[in-house]
Amino acid sequence: MKKYLDPKTDLTFKKVFGEHKDLVISFMNALLPFDSPEEEIEDVEYLSPELVPVNPLWKDSMVDVRCRDARGRQFIVEMQMMWTVEYKQRVLFNASKAYVSQLHKGEEFHLLQPVYSLNMLNDTYSDSESYYHDYKIVEVAETKEVIDGLRFIFIELPKFTPKSYCEKKMQTLWLRYLTEIDEKTDEAPKELLENPQISKAMEELEESAFSQSELYIYDRFWDMVSTSRTLINSALRRGKMQGEMIGEERGLKRGMRKGMRKGMEEGLKKGMAEGLEKGMEKGMEKGMEKGLEKGKEDERRRNAVGMKAEGIPVDVISRVTGLTPEQVSAL
């Protein structure tokens, strides 16, 4: 019986989509919002996943997979295990850097080609019931005119539920591949194995295809993900408690000052009630926000220190914790 690894890890995701052009082409054609078959990708060349700035003083960054098709369009494909408040900004930063790096001194702006950023999230971040989110630069008020150049797709994998195989069949198959296959898979679904491209991607996940050192990195990756989730959840709880305490204290002080200014019995009672209610609400909001953020940041840094002590690569630590490579290196 074949044993499979989970395709969502850093190791397996890059092996499948960063080494096989036919698979990443099929994957992107299935998941990107192309309006017609003419827009679909026919061939790609892999580009360096390291986005090096022109100025050495500017920020360097890494992505999972970056490639370019014959038209010059660039595609960035990322797998993110946990949502962080900074992730959207990092996605925008990387796509913008890929966009502006196309032109050299003296070249015309019309040579610029679109950059597509396809982001798979093994987490949720929105209140929407939909798992698929398409972002572009659009005029909001009247014309709905779009400024072409940057396109961002975020897919919340935990929200995906296969419905009809007839509608967007390849998108359904690829998302089933990402969400249904892991170490517990005893037998691969027939629908996946019947598709040549998905079947090839399944072969790349067979445990026998990995060395012992790669399997060790794979196991350590999941250990780090589990540890990070535990620490972040703990930080959120502590931050919430701290925020409530700070909010209560600030609200009480504001309420008392407002109530005392109104003077006598009736005015004092009314003023304190209003002040306490409004003050506590605003104070708790600010306190919770600051407490949560500080707690998360402290836990991420402590977790990164522990990972560095284990000898985990900086780019892996950065991806798991949400810290930048520079922040990790400075710890």
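1. A word on the pattern of salt bridges
Here's step 1: Overall, the coordinates contain 18 salt bridges when judged by the stated rule.
Here's step 2: Asp10 is the salt-bridge partner of Lys14, the closest N and O atoms lying 3.4 Å from each other. Placement of both Lys14 and Asp10 in helix α1 (residues 10-17) is noted, with a separation of four residues, approximately one turn of the helix.
Here's step 3: Residue Lys14 is classed as partly exposed on the basis of its relative accessible area of 22%.
Here's step 4: Linked by salt bridges that have partners in common, Asp10, Lys14, Asp64, Glu78, Arg90 and Arg319 make up one network.

2. Concerning helix α4 (residues 169-180)
Here's step 1: In this model, α4 (12 residues) spans 16 Å end to end at C-alpha, consistent with the 16 Å of a helix rising 1.5 Å per residue.
Here's step 2: For α4, the full list of buried residues reads Gln171, Thr172, Leu173, Trp174, Leu175, Arg176, Tyr177 and Leu178.

3. What to know about the packing of aromatic side chains
Here's step 1: Summed over all chains, the structure comprises 15 aromatic pairs.
Here's step 2: With 5.6 Å between their ring centres and 70° between their planes, Phe34 and Tyr116 make a pair best called edge-to-face. Placement of the pair is Phe34 in the loop between α2 (21-31) and β1 (44-47) and Tyr116 in strand β6 (residues 115-121), with a sequence separation of 82 residues.
Here's step 3: Classification of Tyr116 as buried rests on a relative accessible area of 10%.
Here's step 4: Consider the rings of Phe221 and Trp222, whose centres lie 5.7 Å apart with planes at 80°: the pair is edge-to-face.
Here's step 5: An aromatic cluster is present here, built from Phe13, Phe17, Phe27, Trp174 and Tyr177 joined pairwise through their rings.
Here's step 6: The ring centre of Phe210 lies 5.3 Å from the NZ or CZ of Lys15, which sits over that ring.

Calculation criteria
- Residues numbered from 1 in each chain as written.
- Predicted model: local features only at pLDDT ≥ 70, side-chain atom pairs only at ≥ 80, totals over all residues.
- Heavy atoms only, no water.
- Salt bridge = Lys/Arg side-chain N within 4 Å of Asp/Glu carboxyl O.
- Helix = DSSP H or I, 4+ residues; strand = E, 2+ residues; numbered from the N terminus.
- Buried < 20%, exposed > 50% of the residue type's maximum accessible area, 1.4 Å probe, protein only.
- Expected span 1.5 Å × (residues − 1).
- Phe/Tyr/Trp six-rings, centres within 6.5 Å; stacked < 30°, edge-to-face > 60°.
- Lys NZ or Arg CZ within 6 Å of the ring centre and 35° of its normal.

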